[in-house]
Amino acid sequence: MPRTRSNFESDARAPKRVRALVAFFIILALAGGAAVKFFQTTRGAIFLVDHGVESQLPRVEHEIGAALKRSLDGSGLRRQLRVHSEGQPAVWDIPCDEGTDLLLVNVALTEAARAVGAVVRSSEQVDGGRTLDFRVGTHSRDTHRITIRRLAPEVIATEAPAAPTAKIAIVIDDLGYTDGGIAGEILDLDLAVTVSILPQLRHSRDVLAHADRRRRCVLLHLPMEARKGYPADLERITVAMSDAEITSLVGEYLESLPGVDGVNNHQGSRATRDERVMRAVCRVLKDYGIFFLDSLTSPESVAYNVATATGLRAARNNEFLDDGTDRREVVETRLHELVATAKKKGVAIGIGHPHPWTLDALRDFDDYLLANDVELVSLCDLIESEKP
């Protein structure tokens, strides 16, 4: 078979990629820890993408996009962002009013891109200076193409998206085992995730401090008895306890994480079915003035009903986002289902855990929310908005 031009181009690129990878491993060997740290940064990931390591592209796209969105927040344009394409590259369209200084927006976007090591591939004002076309990415490709259009007030009023009426909250359970790694990355997400911390673990207070710095809505993840005999890292609220014992343990756990906004149950498929147990728990929560989220680990849970009957603000979980899976695609599907529930009911709550596949799905979730006119809020804000 005759060799086509594309065959030759592919053959030519292959040795270059091999050489780039060889150079990469030589750099790692020579520079040691410093090189490892570099390749953990956005700049390092961009370098790898430009040298043929395609597995780093999703990370690069996310982190460049997050930097651009932070810049748009600062310019007051984030709310107008419309995502016309979530593919490669992402295509964003942003209508703005006549008073917007596109030169300043251009400078802000450029600084945000360069701060993470991205490359501004082109930037120009067209249409008599009324439109900014901005392309950004790596040395070898675009990751984002942004159009910002200055429009007359009567036009932008018809184009500007209405404020979302549907809201979701996402709670990440089981924090406290570590403050770094996946837990730290979740706490640092540019999303209004709520975190739930197990009490009296080695890093429980560290996570609480980290969450406070990030102004997160924080829950105590209260260990409660399950129908299955799970290994017990912590003492749990059980149906065999007296009311006094329950009061004492719940109070002890709350005092170990001072200032939490609410509580949700860790496991608890047996304890949350018991009205007496839940009344004893809810009396303590009422004294502290905090709310309760029923994780719904059992379809027979009475926790929500008892909480509301006690006078607590309360909510119920709608979706476990990552149970029984280690695949990002499954988590994404469940996030989309959560959005569909919110659009149908007005609000929805999902619970996830500090897994790499959950973190990866959340990193790209913001664009999907914007495209569907659904707002992600903290559980604190969601419950506050639901007050009569």
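As a starting point, this report considers the structure included with it. These figures come from a predicted structure and were not determined experimentally. (Residues numbered from 1 in each chain as written. Predicted model: local features only at pLDDT ≥ 70, side-chain atom pairs only at ≥ 80, totals over all residues. Heavy atoms only, no water.)

Topic: the overall build of the chain
Inference 1: Looking only at helices and strands, the chain has 15 helices and 14 strands in total.
Inference 2: In the chain, which comprises 388 residues, the share counted as buried stands at 48%.
Inference 3: Here the analysis covers contacts within the chain between residues at least 6 apart in sequence; of these, 67% occur between residues at least 24 apart.
Inference 4: Within the structure as shown, the chain displays about 18700 Å² of accessible surface, and the carbon and sulfur contribution to it stands at 51%. (Helix = DSSP H or I, 4+ residues; strand = E, 2+ residues; numbered from the N terminus. Buried < 20%, exposed > 50% of the residue type's maximum accessible area, 1.4 Å probe, protein only. Contact = heavy atoms within 4.5 Å. Areas by Shrake-Rupley, 256 points an atom, 1.4 Å probe, with all protein chains shown as cover.)

Here's the deal with the packing of helix H3 (residues 42-50) against helix H4 (residues 57-75)
Between two packed helices, what matters for the description is the angle formed by their axes and the separation of those axes.
Inference 1: Contact pair H3 / H4: the axes reach a minimum separation of 9 Å and the direction vectors enclose 135°. Compared by their axis directions, H3 and H4 come out oblique. Helix-helix and strand crossings are classified by hand; for H3 and H4 the assignment is left-handed. From H3, Thr-42, Ala-45, Ile-46 and Val-49 reach across to H4, where they touch Leu-57, Arg-59, Val-60, Glu-63 and Ile-64. (Axes fitted to C-alpha atoms, helices over the stretch in contact; angles between N-to-C directions. Parallel < 35°, antiparallel > 145°, perpendicular 65-115°, else oblique. Left-handed = near helix turned anticlockwise from the far one by under 90°.)

Observations regarding the side chain of Thr-272
Inference 1: Tracing the backbone shows Thr-272 in the loop between strand S9 (262-267) and helix H10 (275-288).
Inference 2: Within the local environment of Thr-272, its side chain forms a polar contact with the backbone oxygen of Gly-268, the two atoms lying 2.7 Å apart.
Inference 3: When residues no more than four places from it in sequence are discounted, the contact partners of Thr-272 are Met-224, Asn-265, Met-278, Thr-297, Ser-301, Val-302 and Ala-303. (Polar contact = N/O pair within 3.5 Å; in protein donor to acceptor, adjacent residues only side chain to side chain.)

Description of H10
Residue pairs three or four apart in sequence face the same way in an α-helix, which turns once every 3.6 residues.
Inference 1: Between its first and last C-alpha atoms H10 spans 20 Å; for 14 residues at 1.5 Å apiece the expected length is 20 Å, and the two agree.
Inference 2: Of the residues making up H10, those classed as buried are Val-277, Met-278, Ala-280, Val-281, Cys-282, Val-284 and Leu-285.
Inference 3: Buried positions along H10 lie against strand S8 (218-224), helix H9 (243-256), S9, strand S10 (291-294) and helix H11 (303-310).
Inference 4: Measuring from the side-chain oxygen of the N-cap residue of H10 to the backbone nitrogen of Arg-276 gives 3.0 Å; that N-cap residue is Asp-274.
Inference 5: Looking at the residues trailing H10, positive phi occurs at Gly-289, about 70°. (Expected span 1.5 Å × (residues − 1).)

Remarks on the packing of aromatic side chains
Inference 1: The final tally for this structure, using the stated rule, is one aromatic pair.
Inference 2: An angle of 15° between the planes, with centres 6.4 Å apart, marks the rings of Phe-365 and Tyr-368 as stacked. Highlighted residues: Phe-365 and Tyr-368, both in helix H14 (residues 365-371), separated by three residues, approximately one helical turn. Tyr-368 matches Phe-365 in its accessibility class, with the two residues each being buried. (Phe/Tyr/Trp six-rings, centres within 6.5 Å; stacked < 30°, edge-to-face > 60°.)

As for the pattern of salt bridges
Inference 1: Here the structure, examined in full by the defined rule, presents 25 salt bridges.
Inference 2: We note a salt bridge from Arg-141 to Glu-54, for which the minimum N-O separation is 2.6 Å. A residue pair is termed long-range when its members are at least 10 positions apart, and Arg-141 in the loop between strand S4 (131-137) and strand S5 (142-151) and Glu-54 in the loop between H3 and H4 qualify at 87 residues.
Inference 3: Classification of Arg-141 as partly exposed rests on a relative accessible area of 23%.
Inference 4: Of the charged contacts in the structure, one is a salt bridge between Asp-243 and Arg-276, with a shortest N-O distance of 2.6 Å. Placement of the pair is Asp-243 in helix H9 and Arg-276 in helix H10, with a sequence separation of 33 residues.
Inference 5: Asp-243 gets classed as partly exposed once you look at its relative accessible area, which sits at 29%.
Inference 6: A residue is classified by how much of its surface remains accessible, and Arg-276, at 27% relative accessible area, is partly exposed.
Inference 7: Among the ionic contacts, a cluster of salt bridges with common partners joins Lys-69, Asp-73, Arg-78 and Asp-366. (Salt bridge = Lys/Arg side-chain N within 4 Å of Asp/Glu carboxyl O.)

Remarks on the pairing of strand S3 (residues 119-126)
Inference 1: Strand direction decides the pairing type here: S3 and S4, joined by seven bridges, are antiparallel. In the strand pairing of S4, Glu-124 is matched with Asp-133. (Pairing = 2+ DSSP bridges.)

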